[in-house]
Amino acid sequence: MNIKNPLKADAKQRLKRATSTRPEDERLSIGSSFAYGFQHVLTMYGGIIAVPLIVGQAAGLSPADIGILIAAALFMGGLATLLQTIGIPFFGSQLPLVQGVSFASVATMVAIVSGGGGLPAVFGAVMVSAAIGLLIAPIFSKIVRFFPPVVTGTVITTIGLTLMPVAANWAMGGNRKAETYGSTANIGLAAATLALVLLLSKVGSATISRLSILLAMVAGTAIAAATGMADFSKVGQGPIVAFPTPFHLGAPTFEIAAIISMLIVVLVILTETMADILAVGEIVGTRTDSKRIAAGLRADMGSSLIAPVFGSFTQSAFAQNVGLVAVTKIKSRYVVAAGGVILVLLGLLPVIGRVVAAVPTAVLGGAGIVLFGTVAASGIRTLAKVEYKNNMNLIIVAASIGFGMIPIAAPTFYDKFPSWFGTIFHSGISSAAVMAILLNLLFNHLKAGNSENQSVFVAGTGRVVREEDLRCLAEGDRFEGGKLIDCEGKEVKVESSEKASEH
């Protein structure tokens, strides 16, 4: 009779559960979760409030109405983050991704507002384009097999590089029209924050090291307050509690031209969000298959469809927070979900939002240098896994990153192109993604016409030994410990080519 050992069976079950646990499912204490979550909020706060500020000013809104736009952006960003991280059936990648108003849509929304449609036309265009994006999300997810490391590494690297101008702008003060923009005081404050991040990262305590970004930003704000560079005078102005009122700024109107232009933006956002999902999956070390990508894209588009109801705009994943995951090594999606709760509260409690808004932009810039640089470093690490011998992977990486850097190096490069073309390729991330995908298809999938040495890039990637060097070797010669040993076990003296020519 075969009698099973219950203790052994229970141990196997526990081992199976332990090994099947995904890194992103790790649960921290409530206090730690909200501390790290707040760090995520601080990282993306400047970016999430920038869009309603720009669009609200373009629409000629009063400061009070712009404040409503900001509150709506925070509130909707929190809900979208919870949907993305916690997830419901068919919606949410269940990855540590922070959601917020997409900056990719700013130029298009300003154009719609300036064209006479106003915010109602923007809201209508966002809703219809998001509904279409929701329908086509599964199609986007099916192309995941065309995203090998040579593509994902290139895109991740480009994400980090394209975000560096944002960090530099923040470090200089954020407002290009201000007299203090680019002052030594602003850059010095950013440098001090950066130095604090690096010093706190070196501290022996793991907790302090992981909270280095948050603690450095708090300390940087304290320095700014002591030197008169932080203004908290407006914290007490305005309501303490406010709930976003549905369609407070007008019911949506639907204009064909506005919808078409916003649909192009949605395609860009889908591309960027898929890149972010793949990037954070690579950093966390978890599987990101087509089903998971489709759920993440649906969460993006589903939250974007609802956003105009509360007075917000198209939602997407924030690339800068991918860098924070890499820096802190905190991979838990529940930490980011805690950040989503904080965003919802900030949307309901404008007074808290005003406190966070008082953090000087230069402080964000100092932290951003580390965050965005880490994203690029993560991409380089992925590219290190790519095989470059006897293939065209090197030219894929070179051309794609170069193409992605064009709109960063020359922001007006596509100004003379059709607006739809400029909308797509003005983003360095989507430019690099499109180029990497197309070149990967051309060289690695459509192999007709390929040869082992079809380009100088191929020849330069493999190891080459000259024929005359081989003729110098005798039967039985071998390398041991970096030394050339002959068949009798004696070391063969190795001389430079200059000394050898003297004999």
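Caption draft 1: Structural context of the pattern of salt bridges. Under the defined criterion, the tally for this structure stands at 6 salt bridges. Measuring nitrogen to oxygen at the nearest pair gives 2.7 Å for the salt bridge that ties aspartate 25 to arginine 333. Pair noted here: aspartate 25 is in the loop between α1 (6-20) and α2 (30-58) and arginine 333 is in helix α12 (residues 333-348), with a separation of 308 residues, a long-range link. A salt bridge links lysine 385 to glutamate 282; the nearest nitrogen and oxygen atoms lie 2.9 Å apart. Taken as a pair, lysine 385 in the loop between α14 (361-383) and α15 (393-409) and glutamate 282 in helix α9 (residues 256-284) lie far apart in primary sequence, 103 residues in all. Three or more residues joined by partner-sharing salt bridges are found here, namely Arg22, Glu24, Asp25, Arg292 and Arg333.

Caption draft 2: Representation of empty space enclosed by the protein in the model. This model, assessed by the stated rule, comprises 1 cavity of 30 Å³ or more. In this model, the largest cavity occupies a volume close to 30 Å³. As for the largest cavity, its lining consists of Thr43, Trp170, Met217, Leu364, Ala367, Gly368 and Leu371. For the lining of the largest cavity, the element with the most residues is α14, which contributes 4 residues.

Caption draft 3: Structural view of the confidence of the model for the protein. In this model, the protein carries an average pLDDT of 81, and 87% of its residues clear a pLDDT of 70 or more. This model gives residues 14-19 a pLDDT under 50, and the stretch forms 0 contacts once residues within four places in sequence are excluded.

Caption draft 4: View of unusual backbone geometry. Notably, phenylalanine 90 is not glycine yet its phi reads approximately 75 degrees, a positive angle. Along the chain, phenylalanine 90 falls in the loop between α3 (63-85) and β1 (99-101). Overall, the relative accessible area of 61% leaves phenylalanine 90 in the exposed class. Despite not being glycine, glutamine 94 has its phi angle at roughly 55 degrees, a positive value. As for its placement among the helices and strands, glutamine 94 is situated in the loop between α3 and β1. Under the relative-accessibility criterion, glutamine 94 is labelled partly exposed at 25%.

Caption draft 5: Here's a closer look at the environment of phenylalanine 247. Residue placement: phenylalanine 247 occurs in the loop between α8 (212-226) and α9. By relative accessible area, phenylalanine 247 is classed as partly exposed at 34%. In this structure, the C-alpha to C-alpha distance between phenylalanine 247 and glycine 311, residues 64 residues apart in sequence, is 6.2 Å. Beyond its immediate sequence surroundings of up to four residues, phenylalanine 247 is in contact with Pro252, Pro308 and Val309.

Caption draft 6: Representation of the packing of α9 against helix α11 (residues 319-328). At a minimum axis distance of 10 Å, the contact between α9 and α11 shows a crossing angle of 5 degrees. Taken together, the axes of α9 and α11 lie roughly parallel to each other. Only Ala319, Val322, Val325 and Ala326 of α11 make contact with α9, whose side of the interface consists of Asp276, Ala279, Val280, Ile283 and Val284.

Caption draft 7: Broad picture of the sheet that holds strand β5 (residues 491-492). Sheet architecture is open: 3 strands sit in the order β3-β4-β5, paired in antiparallel fashion. Two strands bound the open sheet, and with one partner strand each, they are β3 (478-480) and β5.

Caption draft 8: Geometry of α11. With respect to burial, α11 is a largely interior element, 9 of its 10 residues being buried. Listed as buried for α11 are Ala319, Gln320, Asn321, Val322, Gly323, Leu324, Val325, Ala326 and Thr328. Phi turns positive one or two residues past the end of α11, at lysine 329, with a value near 65 degrees.

Procedures and definitions
- Residues numbered from 1 in each chain as written.
- Predicted model: local features only at pLDDT ≥ 70, side-chain atom pairs only at ≥ 80, totals over all residues.
- Heavy atoms only, no water.
- Salt bridge = Lys/Arg side-chain N within 4 Å of Asp/Glu carboxyl O.
- Helix = DSSP H or I, 4+ residues; strand = E, 2+ residues; numbered from the N terminus.
- 1 Å grid on protein atoms, 1.4 Å probe; cavity = no way out; pocket = protein on both sides within 12 Å on 5 of 7 lines; lining within 4 Å.
- Points joined across faces, edges and corners; volume = space filled by probe spheres on them.
- pLDDT = per-residue confidence, 0-100.
- Contact = heavy atoms within 4.5 Å.
- Buried < 20%, exposed > 50% of the residue type's maximum accessible area, 1.4 Å probe, protein only.
- Axes fitted to C-alpha atoms, helices over the stretch in contact; angles between N-to-C directions.
- Parallel < 35°, antiparallel > 145°, perpendicular 65-115°, else oblique.
- Pairing = 2+ DSSP bridges.

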